[in-house]
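What the coordinates show
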Amino acid sequence: MNTKLPILEIKNLKASIEDNQILKTLNLKVNKGEIHAIMGPNGSGKSTLSKVIAGHPAYTVNDGDILFSGESILTLEPEERSHLGIFLAFQYPIEIPGVSNEDFLYLSYNSKLKAEGKEEISPIEFFSVITEKLSIVDMSPTFLTRNVNEGFSGGEKKRNEIVQMLLLDSKLSILDETDSGLDIDALRIISKGIKTFMTEEKAIVLITHYQRLLDYVQPDFIHVMQNGKIIKTGTAELAKELEQKGYEWLTVEE
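Residues numbered from 1 in each chain as written. Predicted model: local features only at pLDDT ≥ 70, side-chain atom pairs only at ≥ 80, totals over all residues. Heavy atoms only, no water.

The protein chain goes by Iron-sulfur cluster formation ABC transporter in an unreviewed UniProt entry, where it is assigned to Sundstroemia setigera.

Below is the structure:
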């Protein structure tokens, strides 16, 4: 039994964007060592939840709280949340023209070290660190010379997000539809990266539409979101039921 504080606890969370309330009294608790999957139809609030946890400035928290290791993070900027150990892999990773992947990852890594009170490392030391992470997701070191996500295929963008997760070694990783648009080989590689990363001291929240990712990375809990709140929680078997029956049957039970 885990008697420690949850790594993430969301209490009665309500959040909106441009006066449009999307999250409606949402509750969620995630402990260390757990993988949680969040599923639900389009427009149910899954991506909004991920962005609100990460501190996206476009969203307003109207009520409730988000606790990370027992402390509220509502007043913290996105970079402060990142330095605490929260990572968000975007559903649609953005391109950053003119910035090489190597520079972006190097600066991100040293920023993390600095926030933890550790000594920053040299580019040569970093190359050794990053090549080991690249090998986990079968990416060549030549990818470091390319601009961030510019001209990347969908699979390369998603693998780049996993490389960032591995590099930053965050305590809580939220993966927003990391599996969308991937072929079976890319899905297998992404799943390998997730499983390599996961330990008893970390937690992962997977946001997904599909059962197929959960065949590779089996979650401890599955939550179904609808209309801005979690309406059902179950085990991995729930995902198979959703695959067969869809979400309509849950509407009746709500």
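Time to look at the packing of helix α3 (residues 101-115) against helix α5 (residues 154-168). Contact pair α3 / α5: the axes reach a minimum separation of 10 Å and the direction vectors enclose 30 degrees. One element, α3, and the other, α5, form an angle in the roughly parallel class. Handedness of the α3/α5 crossing: right-handed. Contacts between α3 and α5 pair Asn101, Phe104, Leu105, Ser108, Tyr109 and Lys112 from the former with Asn160, Val163, Gln164, Leu167 and Leu168 from the latter. Taken together, the residues that form the contact of α3 with α5 break down as six nonpolar, four polar and one charged. (Axes fitted to C-alpha atoms, helices over the stretch in contact; angles between N-to-C directions. Helix = DSSP H or I, 4+ residues; strand = E, 2+ residues; numbered from the N terminus. Parallel < 35°, antiparallel > 145°, perpendicular 65-115°, else oblique. Left-handed = near helix turned anticlockwise from the far one by under 90°. Contact = heavy atoms within 4.5 Å. Nonpolar A, V, L, I, M, F, W, Y, C, P; charged D, E, K, R; others polar.)

In terms of nonpolar packing, the biggest core is built from 47 residues, with Leu175 and Leu206 touching the most fellow members. In contact with leucine 175, other than residues within four places in its own chain, are Phe87, Ala89, Ile162, Met165, Ile194, Ile204, Val205, Leu206 and Ile207. The next biggest cluster of nonpolar side chains, apart from the first, holds 28 residues, and it includes Leu13, Ile22, Ala54 and Val205. (Core = buried A, V, L, I, M, F, W, Y, C linked by side-chain atoms within 4.5 Å. Buried < 20%, exposed > 50% of the residue type's maximum accessible area, 1.4 Å probe, protein only.)

What follows is about the packing of aromatic side chains. Inspection of every chain in the model, using the stated rule, returns three aromatic pairs. For the ring pair tyrosine 109 and phenylalanine 126, a centre distance of 5.9 Å and an interplane angle of 45 degrees mean the geometry is tilted. Here phenylalanine 126 lies in helix α4 (residues 123-136) and tyrosine 109 lies in helix α3, a separation of 17 residues in the sequence. Given the relative accessible area of 14%, tyrosine 109 is considered buried. The buried category is assigned to phenylalanine 126, whose relative accessible area is 1%. (Phe/Tyr/Trp six-rings, centres within 6.5 Å; stacked < 30°, edge-to-face > 60°.)

A separate point is the sheet that holds strand β4 (residues 60-68). An order of β2-β1-β4-β5 is seen for the four strands of this open sheet, with the pairing classed as antiparallel. Lying at the two open borders of the sheet, with one neighbouring strand each, are β2 (20-30) and β5 (71-72). Of the pairings in the sheet, the one linking β4 to β5 comprises two bridges and is antiparallel in character. Paired with leucine 67 across the strands is serine 72, a residue of β5. (Pairing = 2+ DSSP bridges.)

This part is about the pattern of salt bridges. Tallying each qualifying case throughout the model produces 11 salt bridges. In this structure, lysine 29 and glutamate 9 form a salt bridge, with 4.0 Å as the shortest nitrogen-oxygen distance. Linking lysine 29 in strand β2 with glutamate 9 in strand β1 (residues 8-17), this pair joins segments that are 20 residues apart in sequence. You can call lysine 29 partly exposed: its relative accessible area is 47%. In this structure, aspartate 169 engages lysine 202 in a salt bridge whose closest nitrogen and oxygen atoms are separated by 2.5 Å. Placement of the pair is aspartate 169 in the loop between α5 and β9 (172-176) and lysine 202 in the loop between α6 (184-197) and β10 (203-207), with a sequence separation of 33 residues. Note on aspartate 169: relative accessible area 38%, which makes it partly exposed. In the salt-bridge network here, residues are joined through shared partners; they are Lys112, Glu116 and Lys118. (Salt bridge = Lys/Arg side-chain N within 4 Å of Asp/Glu carboxyl O.)

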